[in-house]
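What follows is the residue order along each chain.
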Amino acid sequence: RWFARLGQKIVALLDTRTGAGRLFEVAVRLRPDGAKGLLVSSLSSFSEYQRERAWTWEHQALVRARGIAGDATLLQAFEGLRDEVLARHRDAAALREDVSAMRRRMRAELDRSDAALFDLKQGDGGLVDLEFLLQFLLLRESGAYPGLRTPRASPAILDALHAEGVLDANTRAALQVAHATLLDAGMRCTLDRRPRRIARDERIELAREAIRDAVRAQGLQFDE
């Protein structure tokens, strides 16, 4: 109960709106068992959930997950669990369908693109498409290539996938450029306090096409 109240306090502090805006948006609905689950769980409970009941998209979230506070023993235990879950053998066809289905659902609900503006994050060929592609490859290949379980950031994951022979040099380079292009455009919107939707230009379209080509090459289907 004490830790649950501490968690609520931290979330409230991070989510407070000030004259300079919100410090950090915390999506507590993404915890184990969703909105009906406990805000705080023990490591043993979290481990059981990840091993027995977590959905594929929750394992995708572990690709980027890392401990940011706590004693060294706790952080080491979390890293061990993450490594174990990512290394699990998965049926490639089932994984492909799970990842594709979740991305289609997200795009239908969250994509704010229209005829004039492109949603840098949720749009077709946007940053989330790239994230889902990398998560799919990492979950599919991590059992065979332990080095894939270490990086968290997209550029480092791309480098690791290339180093292990999962991605060829041309694809890695094209996706690196695409990620940098879309991320730069998104950061400019954030700094200007604008929504992350921009007019399509040649650089954006080239980035989108690189991501779409790589998604199709892996047999993923993110559009209806």
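Above this text is the structure in question.
Overview of the structure.

What counts as what
- Position numbers for residues start from 1 in each chain and track the written sequence from start to end.
- Whole-chain, interface and lining totals are the exception, using all residues; otherwise, since this is a predicted model, local features are given only for residues with pLDDT of at least 70 and side-chain atom pairs are given and counted only at 80 or more.
- To obtain the side-chain values, all non-hydrogen atoms of the structure were used and water was disregarded.
- For helices, the axis comes from a line fit to the C-alpha atoms of the stretch in contact; other axes are also lines fit to C-alpha atoms, and the angle between any two N-to-C directions lies between 0 and 180 degrees.
- Going along the chain from the N terminus, every DSSP run of H or I of four or more residues is numbered as a helix, and every run of E of two or more is numbered as a strand.
- Here is the rule for angles: anything less than 35 degrees is roughly parallel, anything more than 145 is roughly antiparallel, 65 through 115 is roughly perpendicular, and the remaining ranges are oblique.
- The hand of a helix crossing depends on one turn: near helix anticlockwise from the far one by less than a right angle means left-handed, and clockwise means right-handed.
- Contacts: residue pairs with any heavy atoms within 4.5 Å of one another.
- Amino acids are sorted into nonpolar (Ala, Val, Leu, Ile, Met, Phe, Trp, Tyr, Cys and Pro), charged (Asp, Glu, Lys and Arg) and polar (every other residue, Gly among them).
- Classification of ring pairs rests on two measures: the distance between centres of Phe, Tyr or Trp rings, Trp counted by its six-membered ring, which must be within 6.5 Å, and the angle between planes, read as stacked under 30 degrees, edge-to-face over 60 and tilted in between.
- Only protein chains enter the accessibility calculation, which uses a 1.4 Å probe. A residue is then buried if its area is under 20% of the maximum for its type, exposed if over 50%, and partly exposed in between.
- Here the expected length of a helix is defined as 1.5 Å per residue gap, with one fewer gap than residues.
- For this quantity, the arc is that covered by the directions from the helix axis to the C-beta atoms.
- Any pair of N or O atoms that falls within 3.5 Å is considered a polar contact. Within protein, one atom must be able to donate a hydrogen and the other to accept it, and sequence-neighbouring residues count only if both atoms are side-chain atoms.

### A closer look at the packing of helix H6 (residues 127-141) against helix H7 (residues 154-163)
- Direction vectors running N to C along H6 and H7 enclose 40 degrees, while the axes themselves pass 11 Å from each other. Overall, the two elements H6 and H7 adopt an arrangement that is oblique. Crossing handedness for the pair H6 and H7: left-handed. Residues Glu 131, Leu 134, Leu 137 and Leu 138 of H6 pack against Ser 154, Ile 157, Leu 158 and Leu 161 of H7.
- Across the contact of H6 with H7, the residue classes break down as six nonpolar, one polar and one charged.

### Here's the deal with the packing of aromatic side chains
- For the coordinates displayed, the defined rule picks out three aromatic pairs.
- Here the aromatic rings of Trp 2 and Phe 3 are separated by 5.0 Å at their centres, their planes lie at 85 degrees, and the arrangement is edge-to-face.
- With a relative accessible area of 60%, Trp 2 lands in the exposed category.
- When the ring of Phe 132 is compared with that of Phe 222, the centres are 6.4 Å apart and the planes differ by 85 degrees; the resulting orientation is edge-to-face. Taken as a pair, Phe 132 in helix H6 and Phe 222 in the segment after helix H9 (202-217) lie far apart in primary sequence, 90 residues in all.

### Focus: helix H4 (residues 72-86)
- Taking 1.5 Å as the rise per residue, H4 with 15 residues should run 21 Å; its terminal C-alpha atoms sit 21 Å apart, in good agreement.
- Among the residues of H4, Phe 78, Leu 81, Arg 82, Val 85 and Leu 86 are the ones counted as buried. Buried residues along H4 cover an arc of 125 degrees about the axis, so they all sit on one side. Relative to its buried face, H4 has exposed residues pointing more than 90 degrees away, namely Ala 72, Thr 73 and Gln 76.
- Those residues of H4 that are buried lie in contact with helix H2 (43-52), helix H3 (56-62) and H6.
- The N-terminus of H4 is capped by Asp 71, whose side-chain oxygen sits 3.0 Å from the backbone nitrogen of Thr 73.

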